[in-house]
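Structural features, examined
In case you want the letters, here they are:
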Amino acid sequence: DREAAALLAERIRQAVGSHRFDLGDGDTVRLSCSVGFTFFPFQTDAPNLFTWEQVLDLTDRALYKAKQSGRD
């Protein structure tokens, strides 16, 4: 379900952002991440509007845009 997927992606993003990763020797680091996902068909009311490849390309572009803007 689309809403549950978005909530799960946000939970993953928050879990990564709040976790301290142990690098050894007492060093730790915190990271952030961007989580990308999509659905196919992209638009349920027009399932043939985009091909699978077009949906994947659109999703990939959105993920790179999020990373470029420095947002999680």
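The following refers to the structure shown. (Residues numbered from 1 in each chain as written. Predicted model: local features only at pLDDT ≥ 70, side-chain atom pairs only at ≥ 80, totals over all residues. Heavy atoms only, no water.)

1. Considering the packing of aromatic side chains
Counted under the stated rule, the structure contains three aromatic pairs. With a centroid separation of 5.8 Å and an interplanar angle of 90°, the aromatic rings of Phe-37 and Phe-39 are classed as edge-to-face. Residue Phe-37 is classed as partly exposed on the basis of its relative accessible area, which comes to 36%. (Phe/Tyr/Trp six-rings, centres within 6.5 Å; stacked < 30°, edge-to-face > 60°. Buried < 20%, exposed > 50% of the residue type's maximum accessible area, 1.4 Å probe, protein only.)

2. Details of a nonpolar patch on the surface
A contiguous nonpolar surface patch, about 310 Å² in accessible area, is contributed by Leu-8, Ile-12, Val-35 and Phe-37. Mapped onto the fold, Ile-12 is located in helix H1 (residues 2-18). (Patch = residues over 30% accessible without salt bridge, like charges linked within 9 Å, V, L, I, M, F, W, Y side chains within 5 Å. Areas by Shrake-Rupley, 256 points an atom, 1.4 Å probe, with all protein chains shown as cover. Salt bridge = Lys/Arg side-chain N within 4 Å of Asp/Glu carboxyl O. Helix = DSSP H or I, 4+ residues; strand = E, 2+ residues; numbered from the N terminus.)

3. Considering the pairing of strand E2 (residues 27-30)
Taken together, the four bridges between strand E1 (residues 20-24) and E2 define a ladder with antiparallel strand orientation. Bridge pairing in E2 places Asp-22 opposite Thr-28. The antiparallel pairing of E1 with E2 creates a hairpin that spans two residues between the two strands, and Asp-25 there sits at a positive phi of about 55°. (Pairing = 2+ DSSP bridges.)

4. Examining helix H2 (residues 52-68)
End to end, H2 covers 24 Å across 17 residues, agreeing with the expected 24 Å (1.5 Å per residue, within 8%). Positive phi shows up at Gly-70, right after H2, with a value of about 75°. (Expected span 1.5 Å × (residues − 1).)

5. Structural notes on H1
Relative to the 24 Å expected for 17 residues at 1.5 Å per residue, H1 spans 25 Å between its end C-alpha atoms, a close match to the ideal helical length. For H1, the N-terminal capping position is held by Asp-1, with its side-chain oxygen 2.9 Å away from the main-chain nitrogen of Glu-3. (Polar contact = N/O pair within 3.5 Å; in protein donor to acceptor, adjacent residues only side chain to side chain.)

6. So, the environment of Trp-52
Structurally, the position occupied by Trp-52 is in helix H2. Judged by its relative accessible area of 41%, Trp-52 falls in the partly exposed class. Taking the C-alpha atoms as reference points, Trp-52 and Phe-40, twelve residues apart in sequence, are found 6.8 Å from one another. In this structure Trp-52 touches Thr-38 and Phe-40, once residues within four positions along its chain are discounted. (Contact = heavy atoms within 4.5 Å.)

Note that every value here comes from positions in space, so none of it alone points to a role or purpose.
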